[in-house]
Amino acid sequence: DVTGDLENFGNIEHDITPACDDTNGDTCVRKFVTRQYLDIPPKSGIGGFGYGNATLTPSDKRAIDAGKKWVDLVYAVGHQHVGGDAAHGIRLIRDATDEVLCTSLPKYGSGTAAGDERGYVTGIKPCIFAEPIRMRSDEVVRIESFYNTTYEHFGVMSLWILQVADVEETVEEVITAA
């Protein structure tokens, strides 16, 4: 999520402060950016209750280094709350090459029926990769999340839900690595 980085896990939620007045035609969108490892080892309190700016310890960093492996990215979906910009959404980018791996755009409701409530995020389209994207588990990805800043939003999120599959090494890969 955009509240974390390569040293800290992040807080999951963040606030949006007003940054402009759209009455004069200004574009009131702010980009939030961070870089994180594609995959990190589980840590007590991360991804569940008790999270909140936990720092990667030296042993966490050793675990990331020891756990380096090839994985296939097969599914990705961004997560944003009300205020997520429908034109830009949230992007997952391979940091080393600037390759955009996935862009998720929030869809807003326009009616009053359940599931189509006006002004609320009613869905975000995922990326399902027919040809999985092979990456190293310790590769750095960049998250860019765009939010409307016309008015305050509290406790919003800018994160990715990813599904990866471990890649089994072939005998040739093991011999080559030796």
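Let me sum up the structure you'll find in this document. (Residues numbered from 1 in each chain as written. Predicted model: local features only at pLDDT ≥ 70, side-chain atom pairs only at ≥ 80, totals over all residues. Heavy atoms only, no water.)

## So, the overall build of the protein
Scanning the protein for helices and strands turns up 2 helices and 10 strands. The helix and strand sequence of the protein, counted from the amino end, reads β-β-α-β-β-β-β-β-β-β-β-α. Taking all 178 residues of the protein together, 34% fall into the buried category. A fraction of 74% describes how many contacts in the protein between residues 6 or more apart in sequence connect residues 24 or more apart. Surface summary for the protein: the accessible area is close to 10,300 Å², and the carbon and sulfur share equals 52%. (Helix = DSSP H or I, 4+ residues; strand = E, 2+ residues; numbered from the N terminus. Buried < 20%, exposed > 50% of the residue type's maximum accessible area, 1.4 Å probe, protein only. Contact = heavy atoms within 4.5 Å. Areas by Shrake-Rupley, 256 points an atom, 1.4 Å probe, with all protein chains shown as cover.)

## Let's talk about the pattern of salt bridges
Enumeration over the complete set of coordinates arrives at 11 salt bridges. Among the ionic pairs, Asp-95 bridges to Arg-35, the shortest N-O distance being 3.0 Å. Of this pair, Asp-95 sits in the loop between strand E4 (90-94) and strand E5 (99-104) while Arg-35 sits in strand E2 (residues 29-37); the two residues are 60 residues apart in sequence, bridging distant segments of the chain. Among the residues examined, Asp-95 registers a relative accessible area of 21% and is labelled partly exposed. In this structure Arg-35 comes out as partly exposed when scored by relative accessible area, which is 37%. Arg-91 is paired through a salt bridge with Glu-144; the nearest N and O atoms lie 3.3 Å apart. Placement of Arg-91 in strand E4 and of Glu-144 in strand E9 (residues 140-148) is noted, with a sequence separation of 53 residues between them. For Arg-91, a relative accessible area of 23% gives the class partly exposed. A residue is classified by how much of its surface remains accessible, and Glu-144, at 8% relative accessible area, is buried. Residues joined by salt bridges that share partners form a network here, namely Lys-31, Arg-35, Arg-91, Asp-95, Asp-98, Arg-142 and Glu-144. (Salt bridge = Lys/Arg side-chain N within 4 Å of Asp/Glu carboxyl O.)

## Quick look at the environment of Val-100
Among the secondary structure elements, Val-100 is positioned in strand E5. When the C-alpha positions of Val-100 and Val-141 are compared, they lie 9.7 Å apart, and in sequence the two are 41 residues distant. Setting aside its immediate chain neighbours within four residues, Val-100 contacts Leu-92 and Ile-93.

## What about the sheet that holds strand E10 (residues 153-166)?
Taken together, 4 strands build an open sheet; the order of strands is E1-E10-E3-E8 and the sheet is antiparallel. Edge strands, defined here as strands with exactly one partner in the open sheet, are strand E1 (13-16) and strand E8 (127-136). The sheet shows a mean angle of 40° between the axes of neighbouring strands, taken without regard to direction. Pairing of strand E3 (residues 70-80) with E10 involves 9 bridges; the strand directions are antiparallel. For Val-71, the partnering residue across the bridge sits in E10 and is Asp-166. (Pairing = 2+ DSSP bridges. Axes fitted to C-alpha atoms, helices over the stretch in contact; angles between N-to-C directions.)

## Regarding the state of the cysteines
One pass over the full model with this rule turns up 2 disulfides. The disulfide partner of Cys-20 is Cys-28, and the S-S distance across this bridge is 1.9 Å. Residue class for Cys-20 comes out partly exposed when judged on its relative accessible area of 23%. Between the sulfur of Cys-102 and that of Cys-127 lies a disulfide, 2.1 Å long from S to S. Of note, the bridge from Cys-102 to Cys-127 carries an S-S torsion of about 90° and is right-handed in sense. A residue pair is termed long-range when its members are at least 10 positions apart, and Cys-102 in strand E5 and Cys-127 in strand E8 qualify at 25 residues. In this structure Cys-102 comes out as buried when scored by relative accessible area, which is 2%. (Disulfide = S-S within 2.5 Å.)

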